[in-house]
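Structural characterization, general
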Amino acid sequence: MRVQSLPAWFRSLCRFAPLFALISAGGLTPVPAFALADLDVTHISRTPLYFRYNVQYPNSLPILARVPGGNTDPTLDKRWPDPGERVTFTAHIRNHGDAPSPPFAFAWEWDGVRLADGQTDSPLAPGEETTVIVTWPWPTDTGDHTVRFVADPDAALPDEFRKNNELTDPVWGLSFSIWVEQGLYDRFNAVKNRFGTRSFEDWFRSQFDAFRLNFASSTYGLDPQGITEQVRVDKFVIMPNPENNPLLWRTLMANDPDMFRNDSRWQFTSEQPTLAGQQTDWDNYVKEFALKVDYGLLHEMTHQIGIIDLYRMNLEPNQNQVKDKRGQPTRFSHIFPYGGLMGGGDIRPHTNGNLYSSNTAHALNLNRRYRRGYFGEYLFDTPANNTLIVTDALGRPLAGASVAVFQKLKGAETLSNTPVMTGTTDSQGRFPLKNRAVPANAPTATGHQLRPNPFGFISVVGENGLFLLRIRAGDGEDWRWMDLTDLNLAYWTGHTLQAEYPLPTNLLPRLREGTINRAQGRPVKASSAAGTAAVVVDGNDATTAPVWEPSVASGTWWQVDLGDTFSVGQVNVYGGGGNPHDWYSHFRIETSLTGAFKGEQAVVARETGWDRTRGWLDQGAFGHGNWVEYHFRPTTARYIRLVSEVSQNWIRLQEVKVYEAAMPGDVTGDGAVTVSDAVTLLHAAAGLREEPLTPAFMLAGDIAPVGAPDGFINVSDAILALRWAVGLPDPAPAS
């Protein structure tokens, strides 16, 4: 199952920099010896290659540094050939068959037009490589030009596979150098690969094809053509691995003469200290990935061209030190719900988590035609001014709400209980995010600059790019996440000077929540395992047992009788005891006054992704890691029912808690304080209300004096409700 964030082992892989994952799997049958030659155009190199950027981070800011052999001032280094400059393209052709190939004809093309042709002079033995060159002027524009080489274009010679007889390269493509140990190289050459041939270079070509397909498929409003950046292989290096020095590759790569000339480098090496250990690693990798895409490899190659791990903006529950209004740890965790290959961002409307998010896609396109070396500097793109537009549960501006902003810390990666900014929304629900000072710095060579912004000193690896927002209005409290990608995308869509961010909440004006769990110890019913259903209201949310284990079928339900009618606005659901994952992924919460649940009930909340909301905040659900709070418009009810909407195994429920929530003054339940509420309260105060004053009515109607209700419904309550209905401020407190 693919989670919308990379799993823990993969996150460790990326963070601690082993460069290639080796996983055991079932075996592959070696391909029998070929009777024919197999001419394989493995790659096209180019000379001259000029310097990429050498970027250092002495004070956590990207600084352009000198490269060996380059200018003292690295800004003067040449990056690309000059327009019209003569450059040499070299096609590399290897015979991966088991029979020698006679001399062969060849052809070069530029943008699909025949450029040159010719004939090689000598036969090509099995395993042997030859090269063919052509010289051509560098283009005068930055268009998507291509160079193509074809071996034996007229198919005059017998050849085991013809699909690898040609190769087309993007002229402006970012250049990769690929390093592979001889042992792994030989193993790939002995089995059929995803490309359909028997060649390590072709197998890697199939991974590069998947790389490019991911680029093209990651389409968004900002980037309707997908990622238009281009990549190419400039060289393959096959490294010996002698038994007496199995880690020789470290020395060879450290002395790479093109380290600062190729944009990116990737290695297929084993860290095992013995040849036997390396052989096991090689065998496992070939078994696992010879016939499929290694998306971990694609992820890592994306790092090589400057893209960060977006999952660094995630937050584990134990990293969260923020407390709620009751002084209890919130334990919220953050995981991007629709993350892409780099572990975060948003891939919607796509559903394939192997695609790139909109943030990653545009970052790559922004730096198109720039050489590589920078990492994450595009995160600096933030609007000059940023404002939250806070609205209540009915979509109206939430005025006078207090807002606190907590930030994941750079380095420590914890969420401190000390906010980095606080304030109050204005009459339109607006809350400006204050810009924080940053060190003086120059723009990067790729056109990005760190400026004062709400996140302050932005880390180029992204770990401090996460906010937790606390919003309070009346007695109500709500929480929302915001991350740096929101600011990046706002800037990139043209809001460079001013950006606004809608922040819908579940709060209602003057909201007052109950603090008593009305479900605890109350009678329950269930459609299955009824004998143990009462444990769900025993008040025990701290231990792993007991739990209710119902039927796995869709439609299974559990309900509680609160014993009286209440204005209900919050239900907490604790799933699974020791494993909170073990609960229905899709279910709904219903309320009823009668307990019949035959059409008179109301659906107040619906869950469509328990595993998402359990760990983070999504569409009004509050994720606490091991339980979820569901807040909804206050609803008068006596019975609460949870109903499954999916058939699912391993279902357990530990606890359900129900709390009141009422908008003071809104006794008619229409979501606002109106003249009707004032009239209703006046009738109740005069004894003209026939039905008894229920707890829900008292909670909503006992509003005077402001901030200190007196426990009765009287004329003062009606007068205060009338003031609210016509928009007058609260009366001054009595002296």
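Residues numbered from 1 in each chain as written. Predicted model: local features only at pLDDT ≥ 70, side-chain atom pairs only at ≥ 80, totals over all residues. Heavy atoms only, no water.

Here we look at the overall build of the chain
For the chain, the helix and strand inventory stands at twelve helices and 27 strands. Across its three principal axes, the chain shows a C-alpha extent of roughly 110 × 60 × 45 Å. Within the chain, contacts between residues at least 6 apart in sequence are counted, and of these 73% link residues at least 24 apart. Of the accessible surface of the chain, which amounts to about 29,800 Å², a share of 53% is contributed by carbon and sulfur atoms. Between the averaged position of the 64 positive side-chain charges in the chain and that of its 80 negative side-chain charges there is a distance of 3 Å. (Helix = DSSP H or I, 4+ residues; strand = E, 2+ residues; numbered from the N terminus. Contact = heavy atoms within 4.5 Å. Areas by Shrake-Rupley, 256 points an atom, 1.4 Å probe, with all protein chains shown as cover. Lys, Arg positive; Asp, Glu negative; His and termini not counted. Charge placed at Lys NZ, Arg CZ, Asp CG, Glu CD.)

Notes on the nonpolar core
Grouped together as the largest cluster of nonpolar side chains are 96 residues, with contacts concentrated most on Phe204, Phe211 and Phe268. At seven residues, the largest contribution of residues to this core is made by helix 3 (residues 200-217). With 31 residues, the next largest nonpolar core counts Ala533, Val560, Leu562 and Tyr584 among its residues. (Core = buried A, V, L, I, M, F, W, Y, C linked by side-chain atoms within 4.5 Å. Buried < 20%, exposed > 50% of the residue type's maximum accessible area, 1.4 Å probe, protein only.)

Details of a nonpolar patch on the surface
Where nonpolar side chains cluster on the molecular surface, the patch consists of Val675, Val679, Leu722, Val726 and Leu728 and spans about 400 Å² of accessible area. Relative accessible area serves as the criterion here: at 52%, valine 726 is assigned to the exposed category. (Patch = residues over 30% accessible without salt bridge, like charges linked within 9 Å, V, L, I, M, F, W, Y side chains within 5 Å. Salt bridge = Lys/Arg side-chain N within 4 Å of Asp/Glu carboxyl O.)

Regarding the pattern of salt bridges
Inspection of every chain in the model, using the stated rule, returns 37 salt bridges. Between lysine 408 and glutamate 413 there is a salt bridge, and its shortest N-O distance comes to 3.2 Å. Assigned by exposure class, lysine 408 and glutamate 413 land together as buried.

Brief notes about the packing of aromatic side chains
The tally for this structure, following the rule as stated, stands at 35 aromatic pairs. Summarising the aromatic geometry, the rings of phenylalanine 200 and phenylalanine 236 are spaced 6.2 Å apart at their centres and angled 80° between planes, so their arrangement reads as edge-to-face. A residue pair is termed long-range when its members are at least 10 positions apart, and phenylalanine 200 in helix 3 and phenylalanine 236 in strand 11 (residues 231-239) qualify at 36 residues. Phenylalanine 236 matches phenylalanine 200 in its accessibility class, with the two residues each being buried. The cationic tip of arginine 265 hangs over the ring face of tryptophan 179; the distance from NZ or CZ to the ring centre is 5.8 Å. For arginine 326, the ring lying beneath its charged end belongs to tyrosine 659, and the centroid distance is 5.8 Å. (Phe/Tyr/Trp six-rings, centres within 6.5 Å; stacked < 30°, edge-to-face > 60°. Lys NZ or Arg CZ within 6 Å of the ring centre and 35° of its normal.)

What to know about the packing of helix 3 against helix 6 (residues 295-304)
The geometry of helix 3 relative to helix 6 is characterised by a closest axis approach of 10 Å and an angle of 70° between their N-to-C directions. One element, helix 3, and the other, helix 6, form an angle in the roughly perpendicular class. Handedness of the crossing formed by helix 3 with helix 6: right-handed. Contacts between helix 3 and helix 6 involve Trp203, Phe204, Gln207, Phe208, Ala210, Phe211 and Asn214 from the first element and Tyr295, Leu297, Leu298, Met301 and Thr302 from the second. Split into classes, the residues belonging to the contact of helix 3 with helix 6 amount to nine nonpolar, three polar and no charged. (Axes fitted to C-alpha atoms, helices over the stretch in contact; angles between N-to-C directions. Parallel < 35°, antiparallel > 145°, perpendicular 65-115°, else oblique. Left-handed = near helix turned anticlockwise from the far one by under 90°. Nonpolar A, V, L, I, M, F, W, Y, C, P; charged D, E, K, R; others polar.)

Observations concerning the sheet that holds strand 8 (residues 146-151)
The strands that make up a sheet are held in pairs by hydrogen bonds between backbone atoms, and each pair lies either parallel or antiparallel. If you walk across this open sheet you meet the four strands as 6-5-8-9, and the pairing is antiparallel. Looking along the sheet, the strands with just one partner apiece sit at the ends: strand 6 (113-119) and strand 9 (166-170). Mean inter-strand twist for the sheet, computed between neighbouring axes without regard to direction, equals 15°. Alignment of strand 5 (residues 105-110) against strand 6, held across six bridges, turns out to be antiparallel. Considered in strand 6, the bridge of alanine 107 is made with aspartate 117. (Pairing = 2+ DSSP bridges.)

Notes on the side chain of glutamate 201
Along the chain, glutamate 201 falls in helix 3. Judged by its relative accessible area of 3%, glutamate 201 is buried. The contact partners of glutamate 201, leaving out residues within four places of it in the chain, are Thr42, Arg94, His96, Tyr185 and Phe236.

Observations regarding the packing of helix 7 (residues 358-366) against helix 8 (residues 484-492)
For the pair helix 7 and helix 8, interaxial distance at closest approach is 10 Å and the crossing angle is 50°. Between helix 7 and helix 8, the interaxial angle falls into the category oblique. For the crossing formed where helix 7 meets helix 8, the hand is left-handed. Of the residues in helix 8, those in contact with Ser358, Asn359, His362, Ala363 and Leu366 of helix 7 are Thr485, Asn488, Leu489 and Trp492.

Quick look at the sheet that holds strand 1 (residues 39-47)
The strand order across the open sheet formed by three strands is 1-4-7, and the pairing between neighbours is antiparallel. Strands with a single pairing partner mark the edges of an open sheet, and in this sheet they are strand 1 and strand 7 (129-137). When the angles between neighbouring strand axes are averaged without regard to direction, this sheet yields 20°. Pairing analysis gives nine bridges linking strand 4 (residues 86-95) to strand 7, with the strands arranged antiparallel. Bridged to threonine 88 within strand 7 is threonine 135.

Comments concerning the environment of aspartate 121
With respect to the helices and strands, aspartate 121 occurs in the loop between strand 6 and strand 7. Owing to a relative accessible area of 74%, aspartate 121 belongs among the exposed residues under this scheme.

Focus: helix 3
Its 18 residues give helix 3 an end-to-end C-alpha distance of 26 Å, which sits within 8% of 26 Å, the value for a rise of 1.5 Å per residue. Across the 18 residues of helix 3, 13 count as buried, placing the element largely inside the fold. (Expected span 1.5 Å × (residues − 1).)

Topic: helix 5 (residues 275-289)
Given a rise of 1.5 Å per residue, 15 residues ought to cover 21 Å, and the 21 Å separating the end C-alpha atoms of helix 5 matches this to within 8%. All of the buried residues along helix 5 are Leu275, Gly277, Gln278, Asp281, Trp282, Asn284, Tyr285, Val286, Glu288 and Phe289.

Overview of the confidence of the model for the chain
Looking at the chain as a whole, its pLDDT mean stands at 91, while 94% of the residues score no less than 70. Low pLDDT (under 50) marks residues 1-27, which in the prediction has 60 contacts with non-local residues, meaning those over four places away or in another chain. (pLDDT = per-residue confidence, 0-100.)

Looking at unusual backbone geometry
In this structure, the amide linkage connecting arginine 348 to the following residue, proline 349, adopts the cis form with an omega of 15°. With respect to the helices, strands and loops of the structure, proline 349 is situated in the loop between helix 6 and helix 7. Alanine 704 connects to proline 705 through a cis peptide bond whose omega is -5°. Of note, proline 705 is situated in the loop between helix 11 (695-701) and helix 12 (715-725). One non-glycine residue, tryptophan 650, lies in positive phi territory at about 55°. Inspection of the secondary structure assignment puts tryptophan 650 in the loop between strand 26 (627-644) and strand 27 (653-662).

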